[in-house]
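For reference, the chains in residue letters:
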Amino acid sequence: MEPELIQGNIVLVAPDHRPEVVSKEWLNQKGILNEAAINFVHHQNFSLVDTTNFSINVVQQQVTIAARNLDGEMLKRLQGITRRYVKALPNVSYNAIGLNSTWYIPQTDPNFLKNKFVVDKARFDENFRGEANYNIGGIVYYKYNGFRVQLTITPQNEQIHANFNYHLNISNFDQLSEIISSFVQTIGHARNTARNLLGG
């Protein structure tokens, strides 16, 4: 079973971020996002701009820039949009970044995760006696290329979701562009991890 990417985004965290700055007009003037907005909300504490291919969601202290169309070209464009966004606000003190993706894996066997990850299945079966349809997920923490990664695996009816968060605290503004440029690489790493763990 090949994992399918269903969500990809970059989250930037900054204590001095100001959502009121980010309007659809400002994004266009700065050359950050040149696509026409199909949905937008803009006021002091919150800003949202959706286009056909991208979404920019700004709240106090955080901006999430997401690809709505998840092909390889759009993921590369997402990196560029995020770099331009950071460049347009040089006085903002970013202190963390998250490179995130969610993967869908079909679950043909309802016991797939139990059989894959439970060592002492008899103990689980005994504890959840009468709950024949219990399922299992998990959280894994590990390091990758300086990132602290959290992988959350959850059963969702007849599918499995694998959520990856590659988190890095930022102390040097100059390294931010390089980190943003590693987004597509982390997507590949997440795909391989999901495939190796959950691909059958």
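Placed above this text is the structure.
Draft legend 1. Layout of the overall build of the protein. Helix and strand counts for the protein stand at 6 helices and 9 strands. Dimensions of the protein, computed from the C-alpha atoms along their principal axes, are close to 60 × 35 × 30 Å. In the protein, which comprises 200 residues, the share counted as buried stands at 44%. When contacts within the protein are restricted to residue pairs at least 6 apart in sequence, those whose partners lie at least 24 apart make up 63%. When the accessible surface of the protein is split by element, carbon and sulfur atoms take 46% of a total near 10600 Å². Charged side chains in the protein number 18 positive and 17 negative. The centres of these two groups are separated by 4 Å.

Draft legend 2. Highlighting helix H2 (residues 72-88). Here H2 is 17 residues long and its end C-alpha atoms lie 25 Å apart, about the 24 Å a rise of 1.5 Å per residue gives. Taken residue by residue, H2 has Met 74, Leu 75, Leu 78, Gln 79, Gly 80, Ile 81, Thr 82, Tyr 85 and Val 86 as its buried positions. Lining the buried residues of H2 we find strand E1 (4-13), helix H1 (24-29), strand E4 (54-59), strand E5 (62-67), helix H5 (176-180) and helix H6 (183-198). Where H2 starts, the residue carrying a side-chain oxygen 3.2 Å from the main-chain nitrogen of Glu 73 turns out to be Asp 71.

Draft legend 3. Representation of the sheet that holds E5. With antiparallel pairing, the 9 strands of this open sheet are ordered in space as E2-E3-E4-E5-E1-E6-E9-E8-E7. Strand pairing shows two members of the sheet lacking a second neighbour, strand E2 (39-43) and strand E7 (138-144), which therefore form its edges. The average undirected angle you get between the axes of adjacent strands in this sheet is 15 degrees. As paired elements, E1 and E5 share 6 bridges and run antiparallel to each other. Note on E5: the bridge partner recorded for Val 13 is Gln 62. With respect to the sheet, H6 is in contact with E1, strand E6 (96-106), E7, strand E8 (147-156) and strand E9 (159-169), its orientation differing from that of E6 by roughly 35 degrees.

Draft legend 4. Expanded view of the environment of Phe 117. One can find Phe 117 in helix H3 (residues 112-117). You can call Phe 117 partly exposed: its relative accessible area is 38%. For the pair Phe 117 and Leu 197, spaced 80 residues apart in sequence, the C-alpha to C-alpha distance is 9.6 Å. Discounting chain neighbours no more than four positions away, the residues touching Phe 117 are Ile 153, Leu 197 and Leu 198.

Draft legend 5. Representation of the environment of Gln 185 in the model. Relative to the assigned elements, Gln 185 resides in helix H6. On the basis of relative accessibility, which here comes to 43%, the residue Gln 185 falls in the partly exposed class. Excluding its chain neighbours within four sequence positions, the residues that come into contact with Gln 185 are Tyr 144 and Asn 145. Polar side-chain contacts of Gln 185 include one of 3.1 Å to the side chain of Tyr 144.

What counts, and at which threshold
- Residues numbered from 1 in each chain as written.
- Predicted model: local features only at pLDDT ≥ 70, side-chain atom pairs only at ≥ 80, totals over all residues.
- Heavy atoms only, no water.
- Helix = DSSP H or I, 4+ residues; strand = E, 2+ residues; numbered from the N terminus.
- Buried < 20%, exposed > 50% of the residue type's maximum accessible area, 1.4 Å probe, protein only.
- Contact = heavy atoms within 4.5 Å.
- Areas by Shrake-Rupley, 256 points an atom, 1.4 Å probe, with all protein chains shown as cover.
- Lys, Arg positive; Asp, Glu negative; His and termini not counted.
- Charge placed at Lys NZ, Arg CZ, Asp CG, Glu CD.
- Expected span 1.5 Å × (residues − 1).
- Polar contact = N/O pair within 3.5 Å; in protein donor to acceptor, adjacent residues only side chain to side chain.
- Pairing = 2+ DSSP bridges.
- Axes fitted to C-alpha atoms, helices over the stretch in contact; angles between N-to-C directions.

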